[in-house]
Amino acid sequence: MDPNLKTELLANVILMAAMLLGGLATVMLRQLVKAAIALAFTSVVLCILMFKLAAPWAAVFELSVCAGLITVVFISAISLVKPATEEERAAHMRFKVRRYFLLPLVLLTVGCGLSYMTVRPLPVVAGAELITDMRILLWGPRALDLLGQILVLLAGVWGVVVLFKEEK
Amino acid sequence: MNLITLIMPFGIFVALLAVVGLFCLIVTRDMLRILLALEIVTKAVTLLLVVGGAVSGQMALAQTLVITLIVIEVVVIVVGAGIVIAVFKHTGTLDVRRLRNLKG
């Protein structure tokens, strides 16, 4: 294998391992604030991977929205709910081992199973239009996606307004 | 970068990340942690879309899909967090087992 390719593969594997560890920390950490920060770390690593895979626009969105905004939303939500009592924490620790003991086994089985799979090249659609500029694609052929995004955002705003409406 | 170098490690890690999120969705009882697990699964899907774009050579299309996915993800999380806070104000707990008002 080409040494440059080998180095790039190694860097990708290290980044993906960091992302997986961030994901594991998100689901395993007891304190929700720490879990939200672990999620932000996962988003940052995903952003670096996106840059490496030549997707800079998506990486910028991932960094600003997922690592920034969603973390703020999570921490705000966590600050609005009551912290767990000592009894609840003890119960959580007691049940955590019982609930998560299967996870390493499942991960190992899925990882081993997938590593034995063979990869076939993706079929190329004949005559498919290839647009390489994302701006042209987003504002041209995929403009309907933007309309959908606006409608989803409006639905989200409406949902939050309804949820936080004060009773008269 | 050739196909095998890109697909195999990324495919395996995407699947493992999705498994971590799905496992947490199955075993957790905390509503906020359910949202965190949903985020983990979405991260796996986002990475899969980008890898798909890199492999097929249609990175522009993959990026537009990722941006759409991120917008939907944010709205789902914000509305989900709002529902969690509303439920907490109503019931005083984040445990999904205590939400039995609609149980038949």
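Residues numbered from 1 in each chain as written. Chains lettered and ligands numbered in written order. Predicted model: local features only at pLDDT ≥ 70, side-chain atom pairs only at ≥ 80, totals over all residues. Heavy atoms only, no water.

**Here's the deal with the overall build of chain A**
Within chain A, the regular secondary structure consists of seven helices and zero strands. Secondary structure elements of chain A occur, N-terminal to C-terminal, as α-α-α-α-α-α-α. Looking at chain A as a whole, 32% of its 168 residues qualify as buried. A separation threshold of at least 6 residues defines the contact pool for chain A, and within that pool the share at least 24 residues apart is 51%. As displayed, chain A offers around 11000 Å² of accessible surface, 72% of which is attributable to carbon and sulfur atoms. (Helix = DSSP H or I, 4+ residues; strand = E, 2+ residues; numbered from the N terminus. Buried < 20%, exposed > 50% of the residue type's maximum accessible area, 1.4 Å probe, protein only. Contact = heavy atoms within 4.5 Å. Areas by Shrake-Rupley, 256 points an atom, 1.4 Å probe, with all protein chains shown as cover.)

**Things to note about the interface of chain A and chain B**
Counting from both sides, the interface comprises 75 residues of chain A and, opposite them, 66 residues of chain B. In total, chain A and chain B occlude about 6300 Å² of area from one another, counting both sides; carbon and sulfur atoms represent 83% of this. Seen at the junction of chain A and chain B, the total is one salt bridge. In this structure, Glu62(A) engages Lys43(B) in a salt bridge whose closest nitrogen and oxygen atoms are separated by 3.4 Å. The tally of links from chain A across to chain B stands at nine residue pairs in polar contact (both at pLDDT 80 or more). Put simply, the parts of the chain that give the side of chain A that touches chain B at least two residues each are α1 (3-28), α2 (32-52), α3 (56-80), α4 (86-100), α5 (103-115), α6 (134-139) and α7 (143-163) of chain A. In terms of residue class, the side of chain A that touches chain B is made up of 56 nonpolar, 10 polar and nine charged. (Buried area = accessible area lost by both parts, 1.4 Å probe. Salt bridge = Lys/Arg side-chain N within 4 Å of Asp/Glu carboxyl O. Polar contact = N/O pair within 3.5 Å; in protein donor to acceptor, adjacent residues only side chain to side chain. Nonpolar A, V, L, I, M, F, W, Y, C, P; charged D, E, K, R; others polar.)

**Some details on helix α3 (residues 59-91) of chain B**
End to end, α3(B) covers 46 Å across 33 residues, agreeing with the expected 48 Å (1.5 Å per residue, within 8%). With its phi angle positive at about 80°, Gly92(B) sits one or two positions after the end of α3(B). (Expected span 1.5 Å × (residues − 1).)

**Concerning the nonpolar core**
Counting residues in each nonpolar core, the largest one holds 64 residues, and the members touching the most others are Met50(A), Phe74(A), Leu32(B) and Leu47(B). Of all the secondary structure elements, the ones that give two or more residues to this core are α1, α2, α3 and α5 of chain A together with α1 (3-27), α2 (31-56) and α3 of chain B. In terms of residue count, α1(B) provides more of this core than any other element does, 13 residues in total. Aside from chain neighbours lying at most four places away, what touches Met50(A) is Ala55(A), Ala58(A), Ala59(A), Glu62(A), Thr46(B), Val50(B) and Val66(B). (Core = buried A, V, L, I, M, F, W, Y, C linked by side-chain atoms within 4.5 Å.)

**Considerations on a nonpolar patch on the surface**
Residues Leu144(A), Leu147(A), Ile150(A), Leu151(A) and Leu154(A) make up a contiguous nonpolar surface patch of roughly 530 Å² in combined accessible area. One can find Ile150(A) in helix α7. (Patch = residues over 30% accessible without salt bridge, like charges linked within 9 Å, V, L, I, M, F, W, Y side chains within 5 Å.)

**A few points about the pattern of salt bridges**
Applying the stated criterion to the full structure yields six salt bridges over all chains. Close ionic contact of Lys43(B) with Glu39(B) constitutes a salt bridge, the shortest N to O distance being 3.0 Å. Here Lys43(B) and its partner Glu39(B) are both found in helix α2, four residues apart, which amounts to about one turn of the helix. For the pair Lys43(B) and Glu39(B), a shared accessibility class is recorded, and that class is buried. Linked by salt bridges that have partners in common, Glu62(A), Glu39(B), Lys43(B) and Glu73(B) make up one network.

**So, α3(A)**
One turn of an α-helix holds 3.6 residues; hence residues three or four places apart share an orientation. Taking 1.5 Å of rise per residue, the 25 residues of α3(A) would be expected to cover 36 Å, and the 35 Å separating its terminal C-alpha atoms lies within 8% of that figure. A bend of about 30° at Glu62(A) is the largest found in α3(A). Check the buried side of α3(A) and you find it contacts α2 of chain A together with α2 and α3 of chain B. (Bend = angle between axes of the 7 residues up to and from the residue.)

**Details of the packing of α2(A) against α2(B)**
Viewed as axis vectors pointing N to C, α2(A) and α2(B) meet at an angle of 5°, and their least axial separation amounts to 11 Å. With respect to their mutual orientation, α2(A) and α2(B) come out roughly parallel. Counting all contacts with α2(A), which are made through Leu32(A), Ala35(A), Ala36(A), Leu39(A), Ser43(A), Leu46(A), Leu49(A) and Met50(A), the residues of α2(B) involved are Leu32(B), Arg33(B), Leu36(B), Glu39(B), Ile40(B), Lys43(B), Thr46(B), Leu47(B) and Val50(B). Of the residues assigned to the contact of α2(A) with α2(B), the class counts are 12 nonpolar, two polar and three charged. (Axes fitted to C-alpha atoms, helices over the stretch in contact; angles between N-to-C directions. Parallel < 35°, antiparallel > 145°, perpendicular 65-115°, else oblique.)

**Quick look at the side chain of Lys43(B)**
The buried category is assigned to Lys43(B), whose relative accessible area is 1%. For Lys43(B), the side chain forms a polar contact with the side chain of Glu62(A), separated by 3.4 Å.

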